[in-house]
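Chains, contacts and geometry: an overview
Here is how the chains run, residue by residue.
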Amino acid sequence: MNVQRKVLIVGAGPTGLTLANDLARRGVAFDVVDRKAGPTSDSKGLALNVSSQYGLKLIGVRTPVGERGMSISRLNLHWQNARYSSVNFAHLRGAIQSLVTQPQAVTENELISALLHVDARVKWCHRVTNITDTASGVSVEIESPAGELQTQQYDYVVGCDGKHSVVRKHLDIAFDGFDYDMHFTLGDFDIDFPFGKHEVQYFVYPDTFFILVPIANGRWRVVVKFSGAVPDEPPSVEDMNAVLARYFGKRFKLGAPAWISRAPFYNRVAQKIHKNRCFLAGDAAHLFSPIGGTGMNTGMQDAFNLGWKLAAVITGQSDAQLLDTYQLERLPAIQEAAASSDTSTQLICKPDNTSRLIQLMAPRFVNRTFLKKVLPSAHSGLAMQLTLAAMNATNTGVDVNEQNVFAAEGKLNPVVLHATNKLTLSECGVFPLAGPVFIVNQCALSNPQLRLRVQALFSVLKGISGAQVWFVSGGKKESAEAAVVQLPTNMPQRFLRLPAFLEADAPSSEWVQVVRPDGITLAVRKLSDIKAIGEQVISGLKIKNISNQTKQVAMYE
């Protein structure tokens, strides 16, 4: 008799392996199956953006992922062989100010190694042949390496099985979108380009473009755009050299590639990413143009969003309705990423002196904010803002955008991101976060009235599993630790001194911010809005067994 397990992850690419690492560290039983014989040997996806690097720390992955890769500090745009503009990640505020590039095979093996540290393994050569909803879960038929069919019961199934997703097909979910009338040839070459080894080069011309990405000392990913559908014949280094020679002359010639491939340009998004007890993530849910390197990172963001929600529901902390928010939050974000990728692709493929691309990237005074803040934030992944179901549930009319706060609701919270670098080195068990984090200005403890409000707030929410209180301060360090210890609450409490780049954003002592386990800011409220805070947290996390909390919250009407 097969014992029902909790989660089946179909596909052991970057998305599936990220989700597996998250669930493993949250104590959720799962299987990961993949029809391949082992990890990919392809180079494919290269870049880990800043939000993905933070995300891996947030889910508690301490083994190195990306630490041996090439750090990318700048993206340079060349228009007709003249350097035109750039995106400089040094303008980002935080400990991580660079992308990381390395072959996808390296990333996958590092994620597999991280799984081994928590005694979890991938089942290779296992193929899903059928998926059936049952009254209590999902029945999945899996073909073993020996060709035997086995039926296993799971609570949930997550399809991370790529563009030809078996899970998506079984769910009969449309994969809407289009293919561009062009393709690209890409390869990894050992060559001595005279460009910064930590900088990506985009060379744009009226009729084509190509991209040079450093991935190791002396090794570069070269991407060249060609018109039309992908040819039947194998990719040709000679064709790539012809494009380089047309614009660079004979200064550079690509030799034998370490890896080479061809691929079409896609723009496709699944109509749904959640149906009954099944979910889609990664390339099974979306396919983007390679411009901007968003594909793999978007898949990892899917995993970060879904992992803690599955754990909260499976462990009984949250109602199953929490899982509905995966599609409500991620599908609009995916659609926005697809639209942004399409815009970038259209702009870069057919530019001229008056095109939007050239005007947007022009190094002019009017573009200063766009170039220094907007573009680095967008390309790093830190600009992401989710539309949260609970954001407007208890609107008090306060415009938090006009307040001095760390992050708006729906955005990654920089205090928690900073803590992933600070706390994981000195404290064990902080990440992954098991529940919400309440961030309060330490100065509130010195004000008798505000201190009472803090105590009242934590009295209301003391029953929330995994909740923590973080008291933050900047400037001169006061005797905050002593004050924190004296605050009566059963929630774990930590004192965190803010780095200089966050001091300017520190909210007044009247404010509290609540952050979800995935680092997303759930609520930004004044301490006087105890009822609104309680309702927003309970609603946003779909907390079960909340009768006591609800009664306590009602006292503050």
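Residues numbered from 1 in each chain as written. Predicted model: local features only at pLDDT ≥ 70, side-chain atom pairs only at ≥ 80, totals over all residues. Heavy atoms only, no water.

**A word on the environment of Cys125**
Filter applied, for reference: Numbering of helices and strands runs from the N terminus; a helix is a DSSP stretch of H or I covering at least four residues, while a strand is a stretch of E covering at least two. The classification of residues rests on relative accessible area computed with a 1.4 Å probe and restricted to protein chains. Under 20% of the type maximum is buried, over 50% is exposed, and intermediate values are partly exposed. The contact rule is simple, with two residues in contact once any of their heavy atoms fall within 4.5 Å.
With respect to the secondary-structure elements, Cys125 resides in the loop between strand S8 (122–124) and strand S9 (127–133). Cys125 gets classed as partly exposed once you look at its relative accessible area, which sits at 32%. Considering only alpha carbons, one finds Cys125 and Ala37, 88 residues apart in sequence, at a separation of 5.1 Å. Beyond its immediate chain neighbours, meaning those up to four positions away, Cys125 contacts Asp34, Arg35, Lys36, Ala37, Glu143, Ser144 and Pro145.

**Section: helix H11 (residues 448–460)**
Our working definition: What a helix should span is 1.5 Å times the count of its residues minus one. Counting of polar contacts relies on pairs of N or O atoms within 3.5 Å, with two restrictions inside protein: one atom must be capable of donating a hydrogen and the other of accepting it, and residues adjacent in sequence are counted only when both atoms are side-chain atoms.
In this model, H11 (13 residues) spans 18 Å end to end at C-alpha, consistent with the 18 Å of a helix rising 1.5 Å per residue. Considered for burial, the residues of H11 that qualify are Leu450, Arg451, Val454, Ala456, Leu457, Phe458 and Val460. Its side-chain oxygen 2.9 Å from the backbone nitrogen of Gln449, Asn447 forms the N-cap of H11.

**Focus: unusual backbone geometry**
What you tend to see is this: most non-glycine residues have negative phi, and most peptide bonds are trans. Geometrically, the link from Phe431 to Pro432 is a cis peptide bond, its omega value of 5 degrees lying close to zero. In this fold, Pro432 is placed in the loop between helix H10 (414–426) and strand S20 (437–441). In this structure, Asp119 takes a positive phi of about 60 degrees despite not being glycine. You can see Asp119 is positioned in the loop between helix H3 (104–116) and S8. With a relative accessible area of 61%, Asp119 lands in the exposed category. In this structure, Asp172 is a non-glycine residue whose phi angle is positive, near 55 degrees.

**Notes on the pattern of salt bridges**
The cut-off we apply is this: Between Lys or Arg on one side and Asp or Glu on the other, a salt bridge is scored when a side-chain nitrogen of the former is within 4 Å of a carboxyl oxygen of the latter.
Inspection of the entire model under this criterion finds 18 salt bridges. When the shortest N-O distance is used, the salt bridge between Arg74 and Glu199 registers 3.9 Å. Remark: Glu199 occurs in strand S13 (residues 199–204) and Arg74 occurs in strand S5 (residues 74–79); sequence separation between them is 125 residues. A residue is classified by how much of its surface remains accessible, and Arg74, at 21% relative accessible area, is partly exposed. The salt bridge partner of Arg516 is Asp518, with a shortest N-O separation of 2.7 Å. When its relative accessible area of 1% is taken as the criterion, Arg516 is described as buried. Assessed through its relative accessible area of 10%, Asp518 is described here as buried. Put simply, Lys309, Glu329, Arg516 and Asp518 are held in one network by salt bridges that share partners.

**Looking at the side chain of His286**
When you line up the elements, His286 lands in strand S19 (residues 286–287). A polar contact is formed between the side chain of His286 and the side chain of Asp302, at a distance of 2.7 Å. Those residues in contact with His286 that lie beyond four places of it in its chain are Phe175, Arg268, Val269, Gly295, Thr298, Gly299, Asp302 and Ile334.

**Observations regarding the nonpolar core**
Here is the rule: Put simply, buried Ala, Val, Leu, Ile, Met, Phe, Trp, Tyr and Cys residues joined by side-chain atoms within 4.5 Å make one nonpolar core.
The biggest cluster of nonpolar side chains holds 154 residues, and the ones touching the most others in it are Phe30, Phe438 and Trp470. Ranked by residues supplied to this core, first place goes to helix H6 (residues 295–314) with 10 residues. Grouped together as the second largest cluster of nonpolar side chains are 19 residues, Phe189, Phe210, Val237 and Met240 included.

**Structural notes on the packing of H6 against helix H7 (residues 324–349)**
We count it as follows: Helix axes are fitted to C-alpha atoms over the stretch in contact, other axes to C-alpha atoms as well, and angles between N-to-C directions run from 0 to 180 degrees. Here is the rule for angles: anything less than 35 degrees is roughly parallel, anything more than 145 is roughly antiparallel, 65 through 115 is roughly perpendicular, and the remaining ranges are oblique. We call a crossing left-handed when the near helix sits turned anticlockwise from the far one by less than a right angle, and right-handed when that turn is clockwise.
Contact geometry for H6 and H7: axes closest at 10 Å, N-to-C directions at 165 degrees. Classified by the angle between their axes, H6 and H7 sit roughly antiparallel to one another. Classified by chirality, the crossing of H7 by H6 is right-handed. Contact residues: H6 offers Thr298, Gln301, Asp302, Asn305, Leu306 and Lys309, while H7 offers Thr325, Tyr326, Glu329, Arg330 and Ile334.

**Observations regarding the environment of Gly218**
By the secondary structure assignment, Gly218 is in the loop between strand S14 (209–216) and strand S15 (219–227). Put simply, Gly218 and Lys197 are 21 residues apart on the chain and 8.1 Å apart in space, counted from C-alpha to C-alpha. If near-sequence neighbours (up to four positions away) are discounted, Gly218 is found in contact with Phe189, Asp190 and Ile191.

**Things to note about helix H2 (residues 50–58)**
Given 3.6 residues per turn, any residue in an α-helix points the same way as the ones three and four places further on. For H2, the buried fraction is high: 8 of the 9 residues fall into the buried class. For H2, the set of buried residues is Val50, Ser51, Ser52, Gln53, Tyr54, Gly55, Leu56 and Leu58.

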